Amino acid sequence: MASESGTAVTAGSALRPLPRPRAAAHSGAAAAPPEAHAVADASDRGARVAAIVIAAAWHLAVALPAVLRAGQGMAAPAVVAAGWLVTALVGVGTGVRLLRGGLPAAGPLALALLVVDAAVVAGAGERFLFSTANWVWGGLAWFFLLVLWQRPVRRLLVMLAAHGTIALAAVMLYGATAPADLSRAAMYVYGTSTLPVAVFVGAAALTAQARNRAATAAATLAVAAEQEAAERARTERQARLALVSGTAEEVLAELAAGDADPADPAVRRRAVLAAARLRRLIAESDDVPDALLHELRAAADLAERNGLPIDLVSVGTPPELPVEIRRGLADPLTAALAAAEGWARLTVVAGQDEVVVSLVTPDHDGPDEPATGGDGPVEHLHERDGEIRWTQTRWRRT
């Protein structure tokens, strides 16, 4: 059979079941659905806002007034003020990026903060070593938290360890080695480090927990929706099977009782139509890539088995269509094939937004197929001119 800018297949040979596509293998856990990521992002954004507010409040409400009060009493007040300004600029840039959903460049910013740490400790001098004017003791750890957001917690611990080392070096260099001074330094380092670590770890844990809970909820809803859809499909299928089976049983009962003549063309047409519809209904449940083509091949195969030469031509790949749409496209063609005589040509032209199925057969005696316009999702047209009959169904995406 010829091919017309597509794939042409003979109905009888093309009816072998199509191979079922294998699902791609994935290692590890399944990816979380978009809903879970949205919930996790919302949780993470709340934690980002909280960390930014704490860092800004500490820097503006605690560190700045202390630096202004100490003034020229510090060893190098300009260095302390410059360090405060650099940290403020780092905080503003990092905060803006975090609020926009991004992450800052952790490496360069962390190194800059450590340089500020050492410079401010030296600039504050021995007199203000344990004073709030030496604002890096308590406030700088919050900026470590911001620049290392969503990085591994070990990086934050390394930064805090470096921060503690700088503080310890200053204590040793200034000779503040008395037990009380060492205890005070240890308490400063411990007290100013534990809370940022707790916030950092807690934010990561809450975000992960929110993602997991949202993923579980989405999976549960998806399973429930699939079960509901499967139950609805089963009910509809049973109802349709009862209708089709009833038509077939009616014909068989009339033949068995002698009320119908097997040689009568009308009786034969009724029998072929019932068989074709039953065969197409069975094909609906097959798991194949192109369900519409599979169902049309089933009807074409039955017609060919009854001695009707038929060409089935497919151009393009049909999109995934609901069962109701496929029925609307296939049922009128199935009925027309049951009444066809001589030969038939079935053509499927498909795109992602439109599917057109056409059947051309020689004209013959018999009633016309009912045709509908565009009221529903599928249009059905039927025409005859004394030489051929043309039946078409069309679906367009709306």
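Before reading on, note that the structure itself is shown above.
A brief look at the structure comes next. (Residues numbered from 1 in each chain as written. Predicted model: local features only at pLDDT ≥ 70, side-chain atom pairs only at ≥ 80, totals over all residues. Heavy atoms only, no water.)

Things to note about the packing of helix 2 (residues 77-99) against helix 3 (residues 106-124)
The line we're drawing: In this description, a line fitted to the C-alpha atoms serves as the axis of each element, helices being fitted only across the stretch in contact, and the angle between N-to-C directions of two axes falls anywhere from 0 to 180 degrees. In DSSP terms, a helix is any run of H or I states spanning at least four residues, a strand is any run of E spanning at least two, and both are numbered starting from the N terminus. Each angle is binned into one of four classes, with values under 35 degrees roughly parallel, values over 145 roughly antiparallel, values of 65 to 115 roughly perpendicular, and all other values oblique. Take the far helix as your reference; a near helix turned counterclockwise from it by less than a right angle gives a left-handed crossing, and one turned clockwise gives a right-handed crossing. Whether two residues are in contact is decided by their heavy atoms, any of which lying within 4.5 Å being enough. Residues are grouped as follows: Ala, Val, Leu, Ile, Met, Phe, Trp, Tyr, Cys and Pro are nonpolar; Asp, Glu, Lys and Arg are charged; every other residue, Gly included, is polar.
Across the interface, helix 2 lies against helix 3 with an axial gap of 8 Å and an inter-helix angle of 155°. One element, helix 2, and the other, helix 3, form an angle in the roughly antiparallel class. Between helix 2 and helix 3 lies a crossing of left-handed hand. Touching Val79, Val80, Gly83, Val86, Thr87, Val90 and Thr94 of helix 2 are Leu109, Leu113, Val116, Ala119, Val120, Gly123 and Ala124, all from helix 3. Partitioned by chemical class, the residues of the contact of helix 2 with helix 3 number 10 nonpolar, 4 polar and no charged.

A short note on unusual backbone geometry
Here is the rule: The classification of residues rests on relative accessible area computed with a 1.4 Å probe and restricted to protein chains. Under 20% of the type maximum is buried, over 50% is exposed, and intermediate values are partly exposed.
Phi angles above zero are rare outside glycine, and Gln150 is one such case at about 65°. In this fold, Gln150 is placed in the loop between helix 4 (136-147) and helix 5 (153-173). We classify Gln150 as partly exposed; its relative accessible area is 47%.

With respect to the side chain of Thr87
Relative to the helices and strands, Thr87 resides in helix 2. Setting aside chain neighbours within four positions, we find Thr87 in contact with His59, Leu113, Val116, Trp135, Leu140 and Phe143.

Topic: the pairing of strand 5 (residues 378-384)
Walk down a regular strand and you will see the side chains alternate between the two sheet faces. The following threshold applies: Only strands joined by at least two bridges in the DSSP assignment are considered to pair.
Note: strand 5 against strand 6 (residues 388-396), 7 bridges, orientation antiparallel. Opposite His382, over in strand 6, you have Thr391 as the bridge partner. Once strand 5 ends, the chain turns through 3 residues before running back antiparallel as strand 6, passing Gly386 with a positive phi of about 95°.

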